[in-house]
Amino acid sequence: MSSEVAPVIAFLGAGNMASAMISGLIAKGFSPSCLHASDPSEEALSGLEALGLTHVGTSPEGLFERANLVVAAVKPQILPAALTAIRDQLGPHSALLSIAAGIPISSLQTHAGEDVAIIRCMPNTPAMIGLGASALYAADSVSGTHRDLAEQVTSAAGKTVWVASEHLLDAVTAVSGSGPAYFFALIEAIAQAGVALGLEEDVSMALTVQTALGAASLAAQSTEPVAVLREKVTSPGGTTEKALQSLQTSQFDAVVAEAVRQCAARAKALGEEFG
Ligand SMILES: NC(=O)c1ccc[n+]([C@@H]2O[C@H](COP(=O)([O-])OP(=O)(O)OC[C@H]3O[C@@H](n4cnc5c(N)ncnc54)[C@H](OP(=O)(O)O)[C@@H]3O)[C@@H](O)[C@H]2O)c1
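Residues numbered from 1 in each chain as written. Predicted model: local features only at pLDDT ≥ 70, side-chain atom pairs only at ≥ 80, totals over all residues. Heavy atoms only, no water.

Asks: Could you give an account of the site of the ligand, with specific residues and numbers?
Replies: Around the ligand, the surrounding shell holds 22 residues, and the nearest of these are Asn 16, Met 17, Asp 39, Val 74 and Pro 123. Between an oxygen atom of the ligand and a side-chain N or O atom of Asp 39, the distance comes to 2.7 Å. Surface burial for the ligand is 73%, taken as the share of its 910 Å² of free accessible area covered by protein chains. Of the residues belonging to the shell around the ligand, the class tally is 13 nonpolar, seven polar and two charged. (Near = heavy atom within 4 Å. Polar contact = N/O pair within 3.5 Å; in protein donor to acceptor, adjacent residues only side chain to side chain. Areas by Shrake-Rupley, 256 points an atom, 1.4 Å probe, with all protein chains shown as cover. Nonpolar A, V, L, I, M, F, W, Y, C, P; charged D, E, K, R; others polar.)

Quick look at the structure:
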C-alpha cells in the first residue's frame, strides 16, 4: 500500500472557472475528498457537493490550512480581501495559483504572505468545456511539486503552457485570454456576410460555427503548418484567393496585430493599477 498522501487543492471561489477545473480534476481521477472550496454562494457550493465534494463552506475557516495548492478563482477586485481572510491558514507548505487577471505576483505575495509560493495563470473561457488554453508563470524559487500540481489543475481544463517571464502574461492575455472574443467577432462578421448574400440567419451561423470548429480542429491535428493548410484551400485564380486578396487589401494582418497590441497594452496598464 502506498504511504503517499494525496495533495489537497482548495478553491477560493467556486464560480465558472473553479467549477470547470474541479470537474476536470475529478474526470482525471482526482478524489473529491481532496478538493476543498469556499464561496459565499450556497448555490455554487451545492453544485460542487453534487460532484462529491465534502469540504466546502460559505466561510473559508479551516478549508485552506491543509491545502498544498490554493486556487484563487474570484474576481480580481475581491482577491486582496479574500486572500487576507485566509492568510493565517497559509504557509510554506502552500502554493497559491491565481487565475485573477492582472494582479501581479508582488501584490499576491503581500496579501498571501511572504512564505507562500505564488504561481500566476492566464486562462480563457473555453476552459468551461475542457478546451481552455492557459499559460502559467512562476518564479524560479517555486518548487517542482507545486508547479506540477498547478499544471494538473489547468491541464484538467485544457492545454497548458509555461511562460518564462511574468510580463509575458500580458501577451498571453492578448492572444488567448481575450482571444475567444476575436474569434466570436469573426464568426459574427462571416455569418452576417452570409445573410447579406441571402442565407437564412441560422443556416449562415451554423455553417460559420462548424467551419471555425473544423478549421481549428484541422490546425490542431495536422502535422502541416497553418500557412500550408491555408494555401491548400487557395487555388490560383479561385474563389478563396479572391477573398484573401480582399483581406490583404484591407490590411487584415495589420488590423489584427494592432488589436492584439492594444489588448496587451491594456493588460499591462491594469496590472500596474492593481500592483
Ligand atoms: N482570461 C479569461 O478570459 C478569464 C476567463 C474567466 C475567468 N478569468 C479569471 O478567473 C477568475 C474567476 O472568474 P469566474 O468567471 O469563475 O468568476 P465567477 O463565476 O464570478 O466566480 C467567482 C466566485 O467567487 C465568489 N466569491 C466572491 N467573494 C468571495 C470570497 N471572499 N471568497 C470566496 N469566493 C468568493 C463569487 O460569489 P458571488 O457571485 O456570490 O460574489 C463567485 O461564485 C476571475 O478573476 C477572472 O479574472 C479569466
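Asks: An account of the side chain of Asp 170 is needed here, citing residue identities and associated values.
Replies: As for its placement among the helices and strands, Asp 170 is situated in helix 6 (residues 168–177). This buried residue, Asp 170, is left without a salt bridge; Arg 120 holds the nearest opposite charge, at 5.4 Å. Among residues more than four places away in sequence, those in contact with Asp 170 are Ala 264, Ala 267 and Lys 268. (Helix = DSSP H or I, 4+ residues; strand = E, 2+ residues; numbered from the N terminus. Buried < 20%, exposed > 50% of the residue type's maximum accessible area, 1.4 Å probe, protein only. Lys, Arg positive; Asp, Glu negative; His and termini not counted. Salt bridge = Lys/Arg side-chain N within 4 Å of Asp/Glu carboxyl O. Contact = heavy atoms within 4.5 Å.)

Asks: Residue-level account of the side chain of Asp 39, with values.
Replies: Here Asp 39 lies in the loop between strand 2 (35–38) and helix 2 (42–50). One buried charged residue, Asp 39, remains without a salt bridge, the closest side chain of opposite sign being Lys 75 at 10 Å. Polar contacts involving the side chain of Asp 39 include one to the main-chain amide nitrogen of Ser 41, which spans 2.8 Å. The contacts of Asp 39, once residues within four sequence positions are left out, are Gly 13, Ala 14, Gly 15, Ala 44, Leu 45, Gly 57 and Thr 58.

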